[in-house]
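Architecture at a glance
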Amino acid sequence: MARLAGTSTAVVSYVINNGPRPVAPATRERVLAAIKELGYRPDRVAQAMASRRTDLIGLIIPDARQPFFGEMAHAVEQAASERGKMVLVGNTDYIGEREVHYLRAFLGMRVSGLILVSHALNDLAAAEIDAWDARVVLLHERPEAIDDVAVVTDDLGGAQLAVRHLLEHGHDYVACMGGTAETPAVGDPVSDHVEGWRRAMREAGLSTEGRLFEAPYNRYDAYRVALDVLAGPHRPPAIFCSTDDQAIGLLRAARELRIDVPGELAVAGFDDIKEAALADPPLTTVASDRSAMARAAVDLVLDDGLRVVGSRRERLKVFPSRLVIRRSCGCA
């Protein structure tokens, strides 16, 4: 190939691997023409063995069946593709042992980096990351067990926006559908959503006592919880759900119980999954720029592109939240 392109094997290597040294445009064109003529396909396994790194990024998420995580995984895959990388995805199903399994598997494959959406990283998983000295970026959640760079949404502020908006409709109070007893108290978005609800209620001089309902994050289990809440003697006038999936389950329960939304019950969610716009009625929710978050996570895991403040690197990239107003809150 080098002979056909009229250059050295080193220059051919620089073109194929896009570095480490620059190649003149005319020379690059000759090498690419030779590659095409010879039908050359790089041996990625051999390249990985030589560099001890692959063109792979590992992505570990709780459950791709949940629309939020599915959309986030797709955004990461798109961002990685723009950088010439492929993504390996592992679903933990919120099980710590499975998270450790994927950590070991992906790090053993010498991925270029690891993007971790961890519900509650345990000490064993944290030790596994330390042992490999891996480049890890946390996305969406900030578990206490490790202090790696994190890309997150302003979850607390976004929840306050939604609850304030519901209160502005004149409701006596807003109830909250939070997480479960297993939801981490620190570093978990749902915990921040619940805290944002509490703060907005306190600002309005309202009590939160007895107005927080535990529910799993998915719509199916949230639907069952909502049936009990809405059929009870003290039905709330408005409910803020910590996830859109919960809110969609709640809307289904309200429909079955013939409760008019938003006439008799106002609802808001969090995440702005695509399905929120097609809910019945369309769901008022809180959004963040998932594509920008995914791109930031990929850039950080590949480049370590952290801004230096004084003598320290920033450990956190926080993307703003914005309220998306639709009909479920009572707005026309």
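Presented here is an overview of the structure given in this document. A quick note: this is a predicted structure, and the numbers were derived from the prediction, not measured.

Parameters at a glance
Residues numbered from 1 in each chain as written. Predicted model: local features only at pLDDT ≥ 70, side-chain atom pairs only at ≥ 80, totals over all residues. Heavy atoms only, no water. Helix = DSSP H or I, 4+ residues; strand = E, 2+ residues; numbered from the N terminus. Expected span 1.5 Å × (residues − 1). Buried < 20%, exposed > 50% of the residue type's maximum accessible area, 1.4 Å probe, protein only. Contact = heavy atoms within 4.5 Å. Polar contact = N/O pair within 3.5 Å; in protein donor to acceptor, adjacent residues only side chain to side chain. Pairing = 2+ DSSP bridges. Axes fitted to C-alpha atoms, helices over the stretch in contact; angles between N-to-C directions.

1. Side note on helix 12 (residues 290-303)
Its 14 residues give helix 12 an end-to-end C-alpha distance of 20 Å, which sits within 8% of 20 Å, the value for a rise of 1.5 Å per residue. Taken across its 14 residues, helix 12 has ten buried, putting it largely inside the fold. Buried residues of helix 12: Arg 290, Ala 292, Met 293, Ala 294, Ala 296, Ala 297, Val 298, Leu 300, Val 301 and Leu 302, and no others. Considering only its buried residues, helix 12 is in contact with strand 1 (56-61), helix 5 (67-82), strand 3 (113-116), strand 4 (136-139), strand 5 (149-153) and strand 13 (316-319). By the N-cap criterion, in which a side-chain oxygen at the helix start approaches the backbone nitrogen of a residue two or three places on, helix 12 is capped by Asp 289, the distance to Ser 291 being 3.3 Å.

2. Remarks on unusual backbone geometry
A cis geometry characterises the amide bond from Val 261 onward to Pro 262, with omega recorded as 15°. With respect to the helices and strands, the residue Pro 262 is situated in the loop between helix 11 (244-256) and strand 9 (266-268). Although it is not a glycine, Arg 258 sits at a positive phi angle of roughly 60°. Tracing the sequence through the fold places Arg 258 in the loop between helix 11 and strand 9. With relative accessibility at 76%, the residue Arg 258 sits in the exposed group. Located in the positive-phi region is Asp 271, a residue other than glycine, with phi close to 130°. Relative to the helices and strands, Asp 271 resides in the loop between strand 9 and strand 10 (285-287).

3. Looking at the sheet that holds strand 2 (residues 86-91)
Pairing in this open sheet of six strands is parallel, and the strands run 2-1-3-4-5-13 from one edge to the other. Whereas interior strands pair on both sides, the edge strands pair on one side only; in this sheet they are strand 2 and strand 13. Taking each pair of neighbouring strands and ignoring which way they run, the sheet shows an average axis angle of 20°. With four bridges connecting them, strand 1 and strand 3 associate as parallel partners. Residue Ile 60 lies in a different strand from strand 3, and its bridge partner there is Leu 116.

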